[in-house]
Amino acid sequence: MSVFDFHSHILPGIDDGSRNIETSINMINKLKESGVEIIVATPHFYADKDRVDTFVNNREVAYEDLMEIYDNDMPKLLLGAEVAFFKGISKAEKLSQLLIEGTNAMLLELPFTKWDESVINELEYLIHQRKITIILAHLERYMGILWNKPYIKKIFEMPVYIQINAESLIDAKRRNSVLKLFKKEQAHLLGSDCHGMHHRAPNLREGRDIIEDKLGREYLDKIDKLGASILGV
């Protein structure tokens, strides 16, 4: 069964992730050593800074530059985006260009500010009206924001997938609370959210090892099976 990294900033020079091709190749090789076979490249998309067309063009240039020296035995790259939530996202045109390549899934980063009911309403519209499969990036990072707890509770009841960063499992202070999310089926996918080799380096293996140790190999296989289903591989 294939192993996936659902969240990475691995394309060179497009956001605050990899700064150059050499760094990208080192990051990819690190993930390969960890057994990763498919990497979803998810550079940041901010609607207040980017136009979709410009973002997609820049992403393609970064991808093509990387492919010039890409070996066939390296993990497969799928293009996507980490889309920062913005007011009106549910009605935004060209949103389909930000979906993970070959899928109807989008990695969505919710705001680190106080939420209100409109966030839930926009999520529901994306899911039910636009039929987009929503993957919420690193939801565990919002768990300590007290005023958003009622909305997080609502999110747990919605048909969304929740991606957890491996670093949250590696961190002993956060590990148990994150494992509880998986046990309660309130978390579903793993990502490294890697940004470089020295800062937020690829660490998916460490996160996977903790899940296997604490929840068992069958649970890890369940995560991989879900990933394959979402990506259609």
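Every value quoted in this text rests on a predicted model; they were computed, and no experiment measured them. (Residues numbered from 1 in each chain as written. Predicted model: local features only at pLDDT ≥ 70, side-chain atom pairs only at ≥ 80, totals over all residues. Heavy atoms only, no water.)

Comments concerning the sheet that holds strand S5 (residues 82–84)
Pairing is parallel in the open sheet, where six strands are placed in the order S3-S5-S6-S7-S8-S9. Edge positions in the sheet fall to strand S3 (44–45) and strand S9 (189–191), since each of these pairs with one other strand and no more. Looking at chain direction, S3 and S5 are connected through two bridges and run parallel. Each residue of the ladder has a partner; that of Phe 45, found in S5, is Val 83. Sitting on the sheet, helix H8 (residues 217–231) touches strand S6 (105–109), strand S7 (133–136), strand S8 (161–165) and S9, and the angle it makes with S9 is about 85°. (Pairing = 2+ DSSP bridges. Helix = DSSP H or I, 4+ residues; strand = E, 2+ residues; numbered from the N terminus. Contact = heavy atoms within 4.5 Å. Axes fitted to C-alpha atoms, helices over the stretch in contact; angles between N-to-C directions.)

As for the sheet that holds strand S4 (residues 76–79)
What the three strands build is an open sheet, ordered S1-S2-S4; its pairing is parallel. In this open sheet, the two edge strands, each paired with only one partner strand, are strand S1 (4–8) and S4. If you compare each strand with its neighbour and ignore which way they point, the axes differ by 25° on average. Here strand S2 (residues 38–41) runs beside S4; their pairing, made up of four bridges, is parallel. Directly across from Ala 41, in S4, lies its bridge partner Leu 79.

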